[in-house]
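These are the residues of each chain, in order.
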Amino acid sequence: MDERIREHAEVLVDWSARIESGDNVVLSVDEGAHDLAVATAELLGERGANLVATYSSGEVQRAYLRSHDGEFDVDPAHELALFENADAYLALGGGHNTSATADVPGERRRAHARATEEIREARLATDWVKTVHPTRSLAQQAGMAYEEYQDFVYDAVLRDWDSLAGEMDRLKRIFDDGDEVRLVTDDTDLTMSIEGRTAVNSAASVAYDSHNLPSGEVFTAPYATEGEVRFDVPMTIRGKRVADVQLVFEDGEVVDFAAGQNESVIADVLETDDGARRLGELGVGMNRGIDRFTDNILFDEKMGDTVHLALGRAYDANLPNGESGNDSAVHVDLITTVAEDSLLEVDGEVVQRNGQFRWEEGFEE
């Protein structure tokens, strides 16, 4: 086994999920993630955790959803009980076909999401962490040779997370103290309120309310969104390639939209529920170890010189105790580059210009 796989598992179990003896752990293993699952299971055994491993497959999910009549039972008890009794949920991505569910009807997909809302909430209430094992299908999607893609993944995952957490804390404190964010590019001018919200320093650990490995972003839950935004980074959403997405917001809600490719996917997302037309996340990528787009949101949204916004559900970590944020059955991220001709302002003060933060060398006032 490649020693980097074991190192990946160690970061996942010890830094990211902080697994301790006696923890009940659900390990979801995608089709191509077997080696990472073996390394992770070994560590979970050494730590004295209680393991239940489940099989995850886009092709299995496709077969189930396409054959079902669409009248799904609400939150089946056997699945709900699994997550209600779990301390941690570790999802190991790495499928054989990144477009396996592309032909699942949108209404069927939405119905299943609505029917499993309580299960989703129970899963998100655990110390959950999502990561990915490099596979040939993901390398192909990224347009990279397999060995090249392996190097890319491990460069993003195996890094000094404690040091990066210290750097990202600067932006977190600015967001925490701020009331309004403005994002401007050549074809974007968007304002969002963040008053009363708490930003997350997403340093790839549940100790930071961070649940992705790799990570490397600071995110918060905006509201009262106004203006227009264009997302220039193509990405695969629901198994289909979506490009050049444009959204128009009024009174916090999407009132108009367009896309240069597969516009129907965005329409389908927006039709999920009322919350799908509002933003649940504003995230700023700060992981300079990710140096190219790979059509995988787990990596692309963390890349330096990017900002991403998510339609749908807001995360509880960004909200005051007892307050509900935007609620939705979906959380769909869209990315725009900010390397050139851009600025990010908080309360009228420029925090980032042309990809450079104000504390970085090369920042222009």
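Further up the page is the structure itself.
Residues numbered from 1 in each chain as written. Predicted model: local features only at pLDDT ≥ 70, side-chain atom pairs only at ≥ 80, totals over all residues. Heavy atoms only, no water.

Things to note about the pairing of strand β9 (residues 217-220)
In step 1: Going residue by residue along β9, you find E217 and F219 tucked away on one face and V218 and T220 tucked away on the opposite face as well.
In step 2: Both strand β7 (residues 200-202) and β9 contribute to a ladder of 3 bridges, which runs antiparallel. Bridge pairing in β9 links S202 to E217. (Buried < 20%, exposed > 50% of the residue type's maximum accessible area, 1.4 Å probe, protein only. Helix = DSSP H or I, 4+ residues; strand = E, 2+ residues; numbered from the N terminus. Pairing = 2+ DSSP bridges.)

Things to note about the pairing of strand β15 (residues 306-312)
In step 1: Burial analysis of β15 places 7 of its 7 residues in the buried class, the great majority of the element.
In step 2: Here 5 bridges tie strand β14 (residues 279-285) to β15, and the two strands are oriented antiparallel to one another. The partner of G283 across the bridge, within β15, is H308.
In step 3: For β15 and strand β16 (residues 331-337), the ladder comprises 7 bridges, and the chain directions are antiparallel.

So, helix α8 (residues 146-157)
In step 1: Here α8 contains 12 residues, and its C-alpha end-to-end distance of 17 Å stays within 8% of the 16 Å for a straight helix at 1.5 Å per residue.
In step 2: All buried positions along α8 are accounted for by Y149, Q150, F152, V153, Y154, A156 and V157.
In step 3: Those residues of α8 that are buried lie in contact with α1 (3-16), β4 (127-132), α7 (136-142), α9 (161-177), β8 (212-213) and α11 (297-300). (Expected span 1.5 Å × (residues − 1). Contact = heavy atoms within 4.5 Å.)

Section: the packing of helix α4 (residues 77-84) against helix α6 (residues 117-124)
In step 1: Packing of α4 against α6 brings their axes to within 8 Å, and their N-to-C directions diverge by 15°. It follows that α4 is roughly parallel to α6 by the angle criterion. Crossing handedness for the pair α4 and α6: left-handed. Of the residues in α6, those touching α4 at E79, L80, F83 and E84 are E118, I119, A122 and R123. (Axes fitted to C-alpha atoms, helices over the stretch in contact; angles between N-to-C directions. Parallel < 35°, antiparallel > 145°, perpendicular 65-115°, else oblique. Left-handed = near helix turned anticlockwise from the far one by under 90°.)

Things to note about the layout of surface pockets
In step 1: Its boundaries defined by the atoms lining it, the second largest pocket holds a volume of some 180 Å³.
In step 2: D316, L319, E323, S324 and G325 are, among the 13 residues lining the second largest pocket, the residues nearest its centre.
In step 3: When its residues are assigned to classes, the lining of the second largest pocket shows 3 nonpolar, 5 polar and 5 charged. (1 Å grid on protein atoms, 1.4 Å probe; cavity = no way out; pocket = protein on both sides within 12 Å on 5 of 7 lines; lining within 4 Å. Points joined across faces, edges and corners; volume = space filled by probe spheres on them. Nonpolar A, V, L, I, M, F, W, Y, C, P; charged D, E, K, R; others polar.)

Describing the pattern of salt bridges
In step 1: Counted under the stated rule, the structure contains 27 salt bridges.
In step 2: Between D305 and R288 there is a salt bridge whose closest N-O contact spans 2.9 Å. Taken together, the residues D305 in the loop between α11 and β15 and R288 in the loop between β14 and α11 connect sequence positions 17 residues apart.
In step 3: Residue R288 is classed as partly exposed on the basis of its relative accessible area, which comes to 38%.
In step 4: In this structure, E301 and K302 form a salt bridge, with 2.8 Å as the shortest nitrogen-oxygen distance.
In step 5: A single network of salt bridges, built from pairs that share partners, joins E107, R110, R114, R238 and D268. (Salt bridge = Lys/Arg side-chain N within 4 Å of Asp/Glu carboxyl O.)

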